[in-house]
Every structure is written in structure tokens, then in C-alpha cells.
Amino acid sequence: QEKLMELMAEYAPKIVGALIILMIGFKIVKVLIRMLDKALNKSKVDMSLHSFIKSVASFILKIAVIITAATILDIPMTTFISVLSAAGLAIGLALKDSLSNFAGGVLILTFRPFNVDDFIETGGYMGTVKEIQILYTYLTTIDNRRVVIPNGELANAKIVNFSVEDTRRVDLTFGVGYKDDILKVKDILNKIMSEHPLILKDPQPVVRVTEYAESAVKFIVKVWCKKEDYWDIYYDLHEQVKVTFDKEGISIPFPQRDVHIYQKS
């Protein structure tokens, strides 16, 4: 019991000191990360790197605090490093997927298939990139859902980036009846395209007969626009074409079947 009391008397102040170091150190880390965040926002560093830099800086600073606390307890650095190495190996085996995600995050930030605020499609999801962190990338879909994608999967996935180019092409198909005047239909479609304020004049809109389908003659319409106007034009043209076709007496056919019933006498 005396020995226990001696040990407590010897190590209690060190343990308390180590705990104080940890508490104060982690609070200082939070303050430093906030300062780093403000500095990054004022700097010219790409937004895509902000979360990654803050996560790495936070990890390194916290390790430094833990090492400092360990020295207060008189733990030899060689022993501490050996323990960290063994723990690192065990954690590495247990968290191999997380390490894969980390490597994926490094690849994404190195080769930049997309940036923060880009609109992308991958793995069946479409959305705006909100954050690229060490392990995960966060998307917000059109209907405001948050999608969290592991960077390991994302680094090896097929990605469609809709934000890289300034312009996009809208491709639409319209069907008319076989009895309708296709030259008149072509003039109507060209007029609609030329009058829409968001459609670019260069490259010129394209209107062509593309197919003699089962119940309709099909026209392909291709127009160019600024990327941010894509959906406005997509919906506008569908509405305007239907309204104008109705006004001009152009039919929009739909599949029909004639059923003949024969009755044996």
C-alpha cells in the first residue's frame, strides 16, 4: 500500500499535467484550424483543397499534442514510436478501406476530375460537389439530398462532369404524323429555335428528319446554350413545340393498335 501511495504521489501530478496538456492542446488545435480556415478563404487556394488541408493539419497537430502529453509522462520516444507503429499497423489492417479512401482523396485532388461546386454524375447519382474531404466526397442532388461517396470508389468510378465546359448541347426528338407537311414542321421548329433568347446562334441550331418510325416521322433538334441555361431550354422547348404544333394543326401521333375480332359461326 505504501508503494502504491508513492507511485500515486509520483505519477498523479504527471497524469494531471498530461490531461491538462491534452485539453488545452486540443482547444488550441481548434483555434488554429479556425485561423487556417479564414486564411484559406482569403487565399487563392482552390476551394477543393480547403477541407483536405484542414483535415490533414488537424490530424498532424493532434498527434503533436499527444506526443507532448506522452513526454510529460516520461514515456521514451522510442517506446512511443514503437507503440504508434504497432498501433498503426493494426489500425491499417482494420481500416484498409479508409486507407483506400484516403488514397482516392489524394488522387482526386491531384488529377482534379472535378472541383467543389461542379455538377457531376457518378454511380447513379447526379449532384453538385459541396466538399472533398480526406475520406469522402459530399454531393447535393437536385432535390436537395446529401450523398456521401467514399473517395476510394470515386477515384475508380466513371464520372461525368457537366461543369467543365461553358456550353452544352440540348438534344430533343419530336414526332409528327405521316400526313403532316415535313417542310412546314421544319420551318416551325427553326422559328422556335431562332426566337428563344437563351439559345446560342453559334453553333447554329440543327433540325433534321432522323427516322421513319412505326407511327411518326421523327425530327431531331440540336441547340447549344450556356451550361446554366440547359434545363430552362429543355423544358421551354417541350412546351413551346406542343403549343405551336397545336396552333398550326400539326399532329403529334402516339402508338395505336387496331384489334380485329373474328367469330366463327
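The next point concerns a nonpolar patch on the surface. On the surface, a cluster of nonpolar side chains totalling about 720 Å² of accessible area is made up of Val16, Ile20, Met23, Ile24, Ile28, Val31, Leu32 and Met35. Within the secondary structure, Ile28 sits in helix H1 (residues 2-42).

Bridge analysis of strand E1 (residues 119-122) against strand E2 (residues 125-132) gives four bridges, and the strand direction is antiparallel. In the strand pairing of E2, Glu121 is matched with Met126. Counted along the chain from E1 to the antiparallel partner E2, the turn is two residues long, and its residue Gly123 has a positive phi close to 55°. Pairing of E1 with strand E5 (residues 159-161), which is carried by three bridges, proceeds in the antiparallel orientation. What sits directly across from Glu121, in E5, is Val160.

Its place among the elements puts His196 in the loop between helix H6 (182-195) and strand E7 (206-212). Once you skip the residues sitting within four places of it in the chain, His196 turns out to touch Lys201, Ile233, Asp236, Leu237 and Gln240.

What follows covers the sheet that holds strand E6 (residues 167-176). Each strand in a sheet pairs with another by means of backbone hydrogen bonds, the pair being arranged parallel or else antiparallel. One open sheet holds the three strands; their spatial order is E6-E8-E7, and the pairing between them is antiparallel. Each of the sheet's edge strands pairs with one partner strand only, and the pair in question is E6 and E7. Across the sheet, the mean angle separating the axes of adjacent strands is 25° when strand polarity is ignored. Across ten bridges, the pairing between E6 and strand E8 (residues 217-226) is antiparallel. Bridge pairing in E8 places Val170 opposite Val223. Against the sheet, H6 contacts E6, E7 and E8, and its axis sits at roughly 15° relative to E8. On the sheet, helix H7 (residues 230-248) packs against E6 and E8 and is oriented at approximately 20° with respect to E6.

Thresholds applied
Every chain's residues receive numbers from 1 upward, in the order its sequence appears when written. Residue-level local features of this predicted model are given only where pLDDT is at least 70; pairs of side-chain atoms are given and counted only at 80 or more, and the full residue set underlies all totals for whole chains, interfaces and linings. Hydrogens and water molecules were not included; the side-chain quantities draw on all heavy atoms of the structure. The patches described consist of residues with a relative accessible area above 30% and no salt bridge, like charges being joined within 9 Å and nonpolar side chains (Val, Leu, Ile, Met, Phe, Trp, Tyr) within 5 Å. Shrake-Rupley sampling with a 1.4 Å probe provides the accessible areas, and residues are treated as covered by the protein chains on show and by no other component. When a carboxyl oxygen of Asp or Glu lies within 4 Å of a side-chain nitrogen of Lys or Arg, that pair is called a salt bridge. Numbering of helices and strands runs from the N terminus; a helix is a DSSP stretch of H or I covering at least four residues, while a strand is a stretch of E covering at least two. Two strands qualify as a pair provided DSSP detects at least 2 bridges between them. Contact definition: two residues touch when any of their heavy atoms are within 4.5 Å. Angles here are taken between N-to-C directions and fall from 0 to 180 degrees, while the axes themselves are lines fitted to C-alpha atoms, restricted in helices to the stretch in contact.

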